[in-house]
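The chain contents come next:
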Amino acid sequence: MPELPEVETSRRGIEPHIKGKLFKTVTVRQPKLRWPVPDTLAVDLPNLRLDSVERRGKYLLLNTASGTLILHLGMSGNLRITSADQPVGKHDHIDFMFDDGTVLRFNDQRRFGAVLWTDAAIMSHPLLASLGPEPLLADFNADYLQQRAARRNVPLKSLIMDSHVVVGVGNIYASESLFLAGLLPTRPAGQLSYAEHEALTAAIKTVLQQSIDQGGTTLRDFAQADGKPGYFKQSLRVYGRAGADCLRCAAPIQQVKIGQRASYFCANCQR
Ligand SMILES: [Zn+2]
């Protein structure tokens, strides 16, 4: 499933190819995504200039002067830069063609992704309005997290995976961040010291930034016909390593379910 680093990598992969160009045509082959693709896209988009591609959480925002195209990759979506003469694959649901012939192709095998349009203020959109801060920006810090954790007894892992608290910390990154910070995923969130909040916010930023940096090596794939642009192998310290040796102390990595999600930790290195 594409997580924040994959979505950010997709943003960086597509923007240089389409920024500043005019939408020319929209071809919708399959409108049944997570929500129906608006049938007005083919009327609304042509002749609008794509000013920028931004990211908020796991949403990609393609901004024009008249509104914003909202893209979400769901469980299996990917975006590719191609041309109209490239053969269309089974799950290539939507083509956005630009005035120079460049095509942005949306592919999504499981169809949990979304393509929506709004001409209202984008950050007030119902999908975006209640999202917590971006983990890589300065307003996600120890002061903020301590305030959000105060008097809460939820497991720490559940707190940082709550998109109202902070966006983009998926299941893998939550386990990895907690290991790096030396904190047990089951710790009651309200019990952390300020220093532990500092360690945790720093670890989340480090883990996500390292993953985005790894994704940077795939950027040229966005304009290639094969492969799945935006997906890349990550180096994981604890996630998926139950029973294997902790990379820090060699004790066996343990697994526990928190909120139905598999969580991995070292009982020796994490408190
Ligand atoms: Zn350990």
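Residues numbered from 1 in each chain as written. Predicted model: local features only at pLDDT ≥ 70, side-chain atom pairs only at ≥ 80, totals over all residues.

S.K.: I keep staring at helix α6 (residues 194-215) and nothing clicks. Help me out?
M.R.: Since the α-helix packs 3.6 residues into each turn, any two residues three or four apart lie on the same face. Taking 1.5 Å per residue as the helical rise, α6 with its 22 residues ought to reach 32 Å, and the 32 Å between its terminal C-alpha atoms agrees with that figure. Every buried residue of α6 is listed here: Glu196, His197, Leu200, Thr201, Ala203, Ile204, Val207, Leu208, Ser211 and Gly215. For α6, the angular spread of buried residues about the axis comes to 155 degrees, placing them on one side. Those residues of α6 that are exposed and aimed more than 90 degrees away from the buried face are Tyr194, Ala195 and Asp213. (Helix = DSSP H or I, 4+ residues; strand = E, 2+ residues; numbered from the N terminus. Expected span 1.5 Å × (residues − 1). Buried ≥ 20, exposed ≤ 12 C-beta atoms within 10 Å, placed from the backbone. Arc of directions from axis to C-beta.)

S.K.: I tried to follow the pairing of strand β2 (residues 52-56) on my own but got confused; where do I start?
M.R.: One face of the sheet, then the other: side chains in a regular strand alternate in exactly this way. In the sheet, β2 pairs with strand β3 (residues 59-64) via 5 bridges, with the strands oriented antiparallel. From the neighbouring strand, glutamate 54 faces β3, where its bridge partner is leucine 61. Between the antiparallel neighbours β2 and β3 lie 2 residues, among them glycine 57 with a positive phi of about 60 degrees. (Pairing = 2+ DSSP bridges.)

S.K.: Hey, could you run me through the sheet that holds strand β8 (residues 114-118) in this one?
M.R.: Hydrogen bonds between backbone groups are what pair the strands of a sheet, and the pairing can be parallel or antiparallel. Across the sheet, which stays open at both edges, the 4 strands sit in the order β2-β3-β4-β8 with antiparallel pairing between neighbours. Only two strands of the sheet have a single neighbouring strand rather than two, namely β2 and β8. Within this sheet the neighbouring strands show an average axis-to-axis angle of 25 degrees, counted without direction. Against the sheet, helix α1 (residues 4-18) engages β2 and β3, with an angle of about 180 degrees to β2. (Axes fitted to C-alpha atoms, helices over the stretch in contact; angles between N-to-C directions. Contact = placed C-beta atoms within 7 Å.)

S.K.: Teacher, can you tell me more about the sheet that holds strand β1 (residues 23-28) here?
M.R.: Strand order in this open sheet of 4 strands is β1-β6-β7-β5, and the pairing throughout is antiparallel. Strands at the two margins of the open sheet, each flanked by one partner only, are β1 and β5 (77-83). For this sheet, the mean inter-axis angle between neighbouring strands, taken without regard to orientation, is 20 degrees.

S.K.: Please clarify how unusual backbone geometry should be interpreted in this entry.
M.R.: When glycine is set aside, most residues are seen to have a negative phi, and most peptide bonds are trans. A positive phi is found at alanine 250, a non-glycine position, where the angle reads about 75 degrees. Tracing the backbone through its elements, the reader meets alanine 250 in the loop between α6 and β9 (254-258).

S.K.: Whenever I open this one, the environment of leucine 183 confuses me. Can you help?
M.R.: By secondary structure assignment, the location of leucine 183 is in the loop between α5 (171-181) and α6. Leucine 183 gets classed as buried once you count the C-beta atoms within 10 Å, which come to 23. For the pair leucine 183 and alanine 199, spaced 16 residues apart in the sequence, the C-alpha separation amounts to 9.0 Å. Residues within four places of leucine 183 in sequence aside, it is in contact with Leu156, Leu178, Glu196, Leu200, Gln270 and Arg271.

Any functional reading would require information that these geometric values do not contain.
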